[in-house]
2 protein chains.
Amino acid sequence: MADRTARSGEFDLIARFFAPLAAAWPGAYGLEDDAALLGVSDGIDRVVTTDALVEGVHFLPDDPPDRVARKALRVNLSDLAAMGATAEAYTLALQIPAERDDDWIAALARGLAADQARFGVTLIGGDTVSARGPALLSVTAIGRLSHGGPLRRNGAASGDDVYISGTIGDGGLGLRARRGEAADLDSVQRQYAVDRYRLPEPRVALGPALVGTASACLDVSDGLVADLGHLARASGLAAEILIDNVPWSEAAAASRDYPATERIAAGDDYELLFTAPPVRRDTVKAIAQAAGTPVARIGRTLSGSGVRVLDSGGVALVLGTTGWRHR
Amino acid sequence: MADRTARSGEFDLIARFFAPLAAAWPGAYGLEDDAALLGVSDGIDRVVTTDALVEGVHFLPDDPPDRVARKALRVNLSDLAAMGATAEAYTLALQIPAERDDDWIAALARGLAADQARFGVTLIGGDTVSARGPALLSVTAIGRLSHGGPLRRNGAASGDDVYISGTIGDGGLGLRARRGEAADLDSVQRQYAVDRYRLPEPRVALGPALVGTASACLDVSDGLVADLGHLARASGLAAEILIDNVPWSEAAAASRDYPATERIAAGDDYELLFTAPPVRRDTVKAIAQAAGTPVARIGRTLSGSGVRVLDSGGVALVLGTTGWRHR
């Protein structure tokens, strides 16, 4: 783990807070060498992804640092799951604002430790820099691809079903709640939404299990409709969803300021959006059950291009400047 | 390549500037999926390292962006070389200050393209974020380990020779020159030093070739003496170097304001510091020649702890507040 800053105590930071996170990975060498060994992969393909969270963009200065660190890790685990891979190790590049003290870093490391135990991943390297500027956590996660993978965005065929895991819009609702909006939520709903925003649930069991069954997959980070657009465009198809079939949490459904048409445009859900041919409906159900992950069928792909959102009467909504609405 | 910022045109940035850099790696899928495939490694171990450069800490705001990008890549290639590995792919997390325009990003991508061709590596993923704050480039490089590796810091035995590649102190001299110091350099010397600071030469041929011959190895980023201290401590030994045997560039030797005792304490050299038993002197020579990399024998390891720096009379210097000096 290199450190080339002038900030005193950076070696201590690594030894105190980060080296313990690397203890379970022999090839990380306690973060004392210049690089880490991944180990031979025995014919299994490895998959790599990098995602960064920046203070003021992806999280707020008063978000708890343990949650911020876990989210930085989780968004990467979500990317690997969307490809059908299971994370095993990660590196962390950390820009620490000069005004943050050791307690902040300790909390961050505690969050990482909790999620390492939860998801079976290990820190194997990284870099820390003290700088004027916002906190930044860039995680590179490395995983093993399930046999028969990867899942890609471009594999959908015309007439495939469209599925989504979990519920949609909670990340966006949590961000609104953090900003003091969504005033019609009660305190339990508000806390639920904030928790979902701060700590997405990467679908690490579902993604790899979908290899061989799903025809295309990605994780929802830009918003359900936007990401379905990415999948459809990559596959050379159109897609349509029935807005009434999209699953909502109780909190999202309760917020009148946050209608369904806005939930499907909000981002930060980290649910898996995937397609599969109709003949595999029972298989998808069985996989979802085995993974312990709720999955809903919300639409289908068809020839053409673009995404249509249909209301309960089958009428297509149009995207206006403030979200989707009736024509 | 994920992008979760509100900055318009980020997808365009990736398509225009970064996807072309990923074209040679099929498993990068044009940066359009959530993650990239490394490919099966056929029994060869993979090695991973992450190093970040931050504006104002590791480079200056008016440093040319193509050089900054190449340095960000090169410091990672240097880490892999120090372990005896050869880089094959990398990811890039890029924080772009809001005030930087597309030309800045285009220049950055041009620099990466130049070094991709030079070093045979390919961009396979990453993230871009527009944020208030300094530019930050975090590179994670992945490589293949040479058979018999890795080279580590802790493998030196008492009585091993200590070697250094290239010349020492040029990075530090270049930084001084950039700050308007080192006034006694002529314009050619000044430019040489600035170039060395901005664009270190990772010893990518030497490092992997040293596997099986060197007993310990690291790259010099904190300064020759500090990094020799890391190697000695990891190996449970002391080390001593003869300051007259340390190789200097003409520019460094010409600067009277920058004596040898300061050059050995300056960082940012990215030369390989390694040890090997005396019976392998001919082998080291042959490896250096085959790699086309100058290598000098500058000292030895011995039992005990700490680093001693000896002058031409064999007298040990002591580290004072302003560098090494006679007692």
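Coordinates for the structure precede this section.
This section reports on the structure supplied with the text. (Residues numbered from 1 in each chain as written. Chains lettered and ligands numbered in written order. Predicted model: local features only at pLDDT ≥ 70, side-chain atom pairs only at ≥ 80, totals over all residues. Heavy atoms only, no water.)

### Details of the sheet that holds strand S2 (residues 46-54) of chain B
Right, on to step 1. Spatially, 5 strands are ordered S1(A)-S2(B)-S5(B)-S3(B)-S4(B) in an open sheet, and the strand pairing comes out mixed. In the strand order of this sheet, the two ends are held by strand S1 (36-37) of chain A together with strand S4 (122-131) of chain B, each with one partner.
Right, on to step 2. Bridge analysis of S2(B) against strand S5 (residues 136-145) of chain B gives 9 bridges, and the strand direction is antiparallel. By the bridge assignment for S5(B), B:Thr49 is matched with B:Ala141.
Right, on to step 3. Set on the sheet, helix H3 (residues 102-119) of chain B makes contact with strand S3 (85-97), S4 and S5 of chain B; between it and S3(B) the angle comes to about 175 degrees. (Pairing = 2+ DSSP bridges. Helix = DSSP H or I, 4+ residues; strand = E, 2+ residues; numbered from the N terminus. Contact = heavy atoms within 4.5 Å. Axes fitted to C-alpha atoms, helices over the stretch in contact; angles between N-to-C directions.)

### Focus: the relation of the copies chain B and chain A
In summary, the two copies of the chain are related to each other by a rotation about an axis coupled with a shift along it.
Right, on to step 1. Least-squares fitting of chain B to chain A yields an RMSD of 0.0 Å, with the transformation described by 0.0 Å of translation along the axis and a rotation of 180 degrees. Both copies of the chain, as the preceding transformation shows, are related through a two-fold rotation axis. Among all C-alpha atoms of chain B, that of B:Gly133 lies closest to the rotation axis, at 2.3 Å.
Right, on to step 2. Interface overlap between copies: 100% of the residues of chain B at the interface are likewise at the interface in chain A, consistent with a symmetric, same-surface contact. (Least-squares fit on C-alpha atoms with pLDDT ≥ 70 in both.)

### Brief notes about the packing of helix H1 (residues 10-18) of chain A against helix H3 (residues 102-119) of chain A
Residues and elements named next belong to chain A.
Right, on to step 1. Viewed as axis vectors pointing N to C, H1 and H3 meet at an angle of 35 degrees, and their least axial separation amounts to 10 Å. Helix-helix and strand crossings are classified by hand; for H1 and H3 the assignment is right-handed. Of H3, the residues touching H1 (which contributes Leu-13, Arg-16, Phe-17 and Phe-18) are Asp-102, Ile-105, Ala-106, Leu-108, Ala-109 and Leu-112.
Right, on to step 2. The residue makeup of the contact of H1 with H3, split by class, is 8 nonpolar, no polar and 2 charged. (Left-handed = near helix turned anticlockwise from the far one by under 90°. Nonpolar A, V, L, I, M, F, W, Y, C, P; charged D, E, K, R; others polar.)

### Observations concerning the interface of chain B and chain A
Accessible area lost upon the coming together of the parts serves often as the stated size of an interface.
Right, on to step 1. The interface is formed by 61 residues belonging to chain B together with 62 residues belonging to chain A.
Right, on to step 2. A buried area of about 4,800 Å², summed over both sides, lies between chain B and chain A, and 55% of it is on carbon and sulfur atoms.
Right, on to step 3. Connecting chain B to chain A are 4 salt bridges.
Right, on to step 4. Summed over the shared surface of chain B and chain A, the result is 23 residue pairs in polar contact (both at pLDDT 80 or more).
Right, on to step 5. In terms of residue count, the dominant contributor to the side of chain B that touches chain A is S2(B) (9 residues).
Right, on to step 6. Residues of the side of chain B that touches chain A, tallied by class, amount to 30 nonpolar, 16 polar and 15 charged.
Right, on to step 7. Where S1(A) and S2(B) come together, 2 bridges link them in antiparallel fashion. From the neighbouring strand, A:Ala36 faces S2(B), where its bridge partner is B:Val48. (Buried area = accessible area lost by both parts, 1.4 Å probe. Salt bridge = Lys/Arg side-chain N within 4 Å of Asp/Glu carboxyl O. Polar contact = N/O pair within 3.5 Å; in protein donor to acceptor, adjacent residues only side chain to side chain.)

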